[in-house]
Amino acid sequence: MKITFFLVACVVHLCFLGVCQGGSLRKEFYRHSCPQAEDIINNKTQQHVSANPNLPAKLLRMHFHDCFVRGCDGSVLLNSTANNTAEKDAIPNLTLSGFDVIDDIKAAVEATCPQTVSCADIVALAARDAVSVQFNKTMWEVLTGRRDGTVSNSSEALANIPRPTFNFTQLKQSFASKDLNVHDLVVLSGAHTIGIGHCSSFSNRLYNFTGKGDQDPSLNTTYAAFLKTKCQSLSDTTTTVEMDPGSSTNFDSDYYPNLLQKKGLFQSDAALLTKDESTDIAKELVKQNKFFTEFAQSMKRMGAIQVLTGSAGEIRIKCSVVNS
């Protein structure tokens, strides 16, 4: 009995310190402290999306990259300092954008409820709200109560963010390290239905797959020929290509039929077809309603990775700098 009580006490203590896996997040966390918070974030996000239809993909990617490094703690928003290179200046994050949008939303929230709503929660809510604009309804539930981290290291971004060149084993390990399974991996890869990819992230598949000037044999040949008209050399670091040809701003399940036709843009997409388990999941997700249902559940799990709650971390006044 004493041992059981001790174990329970330890678990409670750890949760109080804010290291539980999403255990302290809840619905309407700001109901009393800032009841207008979610409406302010939603309205501001809608304004920005109406001006920039590419924003949903940018904010969704930002949320993903934030959660995979130190958990969903807003650490991706912090600027580098004289003594530290932050996550946002790591190679995987150099193409992230939308930081100005988060800053604008944060300023609006601060004007109403000073030092109450975390940047981490704003990133999670804005990503959801941006994708939801297309549907005029909320596409997944975001529990709130995250607090902001105070540490941001570029080396941790390099070590934790899955790369577009990863094979299936590497992807599975990366997701497992965040308590996400193969099903989450395939479902969350569906986010590639919106947004763009830089030629430099996949052109080796076109021109030098094994180091012998060859093309990736797993890539649809017609699609490869199309991509070569866009990315004309391995040295092209500026050109971008739609990840979902023809509908890169439309959130739907088109990623999966494209994938099954061997038209996944990145090696990490094609890797999903190298195992029966993940291929079978992809076949199920061709159905749009199925994809939306599963995506909502996986986003909720991703949004709970290693969150800081309770008295852990802080509520940043400005998202780009820790409080002094």
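In the block above lies the structure referred to throughout.
The sections below set out a description of the structure shown in this document. In this text the structure is predicted, and so the values were computed from the model without any measurement.

Rules used throughout
Residues numbered from 1 in each chain as written. Predicted model: local features only at pLDDT ≥ 70, side-chain atom pairs only at ≥ 80, totals over all residues. Heavy atoms only, no water. Helix = DSSP H or I, 4+ residues; strand = E, 2+ residues; numbered from the N terminus. Rg over C-alpha atoms; globule rule 2.2 N^0.38 Å. Buried < 20%, exposed > 50% of the residue type's maximum accessible area, 1.4 Å probe, protein only. Contact = heavy atoms within 4.5 Å. Areas by Shrake-Rupley, 256 points an atom, 1.4 Å probe, with all protein chains shown as cover. Lys, Arg positive; Asp, Glu negative; His and termini not counted. Charge placed at Lys NZ, Arg CZ, Asp CG, Glu CD. Core = buried A, V, L, I, M, F, W, Y, C linked by side-chain atoms within 4.5 Å. Axes fitted to C-alpha atoms, helices over the stretch in contact; angles between N-to-C directions. Parallel < 35°, antiparallel > 145°, perpendicular 65-115°, else oblique. Left-handed = near helix turned anticlockwise from the far one by under 90°. Nonpolar A, V, L, I, M, F, W, Y, C, P; charged D, E, K, R; others polar. Patch = residues over 30% accessible without salt bridge, like charges linked within 9 Å, V, L, I, M, F, W, Y side chains within 5 Å. Salt bridge = Lys/Arg side-chain N within 4 Å of Asp/Glu carboxyl O. Expected span 1.5 Å × (residues − 1). Phe/Tyr/Trp six-rings, centres within 6.5 Å; stacked < 30°, edge-to-face > 60°. Disulfide = S-S within 2.5 Å. Arc of directions from axis to C-beta.

1. Points about the overall build of the protein
- The secondary structure content of the protein amounts to 14 helices and two strands.
- Taking 324 residues into account, the globule formula puts the C-alpha radius of gyration at 20 Å, and the protein, at 20 Å, falls close to it.
- With the C-alpha coordinates aligned to their principal axes, the bounding extent of the protein is approximately 60 × 55 × 45 Å.
- The 324 residues of the protein split such that 49% are buried.
- Of the contacts formed within the protein by residues at least 6 apart in sequence, a portion of 74% connects residues at least 24 apart.
- In the structure as shown, the protein presents an accessible area of about 15200 Å², 53% of it carried by carbon and sulfur atoms.
- Of the charged side chains in the protein, 31 are positive and 32 negative; the average position of the first set lies 3 Å away from that of the second.

2. Notes on the nonpolar core
- Leu 59, Leu 60, Leu 77, Ile 102, Trp 140, Phe 295 and Met 302 are the most contacted members of the largest nonpolar core, which has 71 residues in total.
- It is helix α5 (residues 119–132) that provides the largest number of residues to this core, a total of nine residues.
- For Leu 60, the residues in contact, after removing those within four places along its chain, are Ala 127, Val 131, Trp 140, Ala 191, Ile 194, Phe 251, Phe 295 and Met 299.
- Membership of the second largest hydrophobic core comes to twelve residues, among which are Phe 202, Leu 206, Cys 231 and Met 243.

3. Considering the packing of helix α3 (residues 55–67) against α5
- Between α3 and α5, the shortest axis-to-axis distance is 8 Å and the interhelical angle comes to 150°. Our classification of the angle between α3 and α5 gives roughly antiparallel. α5 is crossed by α3, and the crossing has left-handed handedness. Contacts from Pro 56, Leu 59, Leu 60, Met 62 and His 63 of α3 reach α5 at Val 123, Ala 124, Ala 126, Ala 127, Ala 130 and Val 131.
- When grouped by side-chain class, the residues that make up the contact of α3 with α5 number ten nonpolar, one polar and no charged.

4. Things to note about a negative patch on the surface
- A cluster of acidic residues, Asp 276, Glu 277, Asp 280 and Glu 284, forms a negative patch on the protein surface.
- Mapped onto the elements of the fold, Asp 276 is located in helix α13 (residues 276–284).

5. Considerations on helix α14 (residues 288–302)
- Look at α14: 20 Å from first C-alpha to last across 15 residues, which is about the 21 Å you get at 1.5 Å a residue.
- The complete set of buried residues in α14 reads Phe 291, Phe 292, Glu 294, Phe 295, Ala 296, Ser 298, Met 299 and Met 302.
- Where α14 is buried, its residues touch α3, α8 (182–189) and α11 (255–260).

6. Digging into the packing of aromatic side chains
- Taken as a whole and assessed by the stated rule, the structure comprises 15 aromatic pairs.
- Look at Phe 64 and Phe 175: their rings are 6.2 Å apart centre to centre, the planes differ by 45°, and that puts the pair in the tilted class. Linking Phe 64 in helix α3 with Phe 175 in helix α7 (residues 168–176), this pair joins segments that are 111 residues apart in sequence. With respect to burial, Phe 64 and Phe 175 carry one shared label: buried.

7. Describing the state of the cysteines
- Taken as a whole and assessed by the stated rule, the structure comprises four disulfides.
- Note that Cys 67 is cross-linked by a disulfide to Cys 72, the S-S spacing being 2.0 Å. Taking the sign of the S-S torsion, about 120° here, the bridge from Cys 67 to Cys 72 comes out right-handed.
- Shown here is the disulfide that connects Cys 119 with Cys 319, its sulfur atoms set 2.2 Å apart. A torsion of -95° about the S-S bond marks the disulfide between Cys 119 and Cys 319 as left-handed. Of this pair, Cys 119 sits in helix α5 while Cys 319 sits in the segment after α14; the two residues are 200 residues apart in sequence, bridging distant segments of the chain.
- What makes Cys 119 buried here is its relative accessible area of 0%.

8. Quick word on α13
- Burial in α13 covers these residues: Ser 278, Thr 279, Ile 281 and Ala 282. Projected onto a plane normal to the axis of α13, the buried residues spread over an arc of 160° and lie on a single side. More than 90 degrees from the buried face of α13, the exposed residues found are Asp 276 and Lys 283.
- Lining the buried residues of α13 we find α7, α8 and α11.

9. Quick word on the pattern of salt bridges
- All chains considered together, the criterion is met by eleven salt bridges.
- Between Glu 28 and Arg 31 there is a salt bridge, with its nearest N and O atoms 2.5 Å apart.
- Among the residues examined, Glu 28 registers a relative accessible area of 46% and is labelled partly exposed.
- A salt bridge links Asp 129 to Arg 128; the shortest N-O distance between them is 2.6 Å.
- On the basis of relative accessibility, which here comes to 5%, the residue Asp 129 falls in the buried class.
- One salt-bridge network, held together by shared partners, links Lys 27, Glu 141 and Lys 300.

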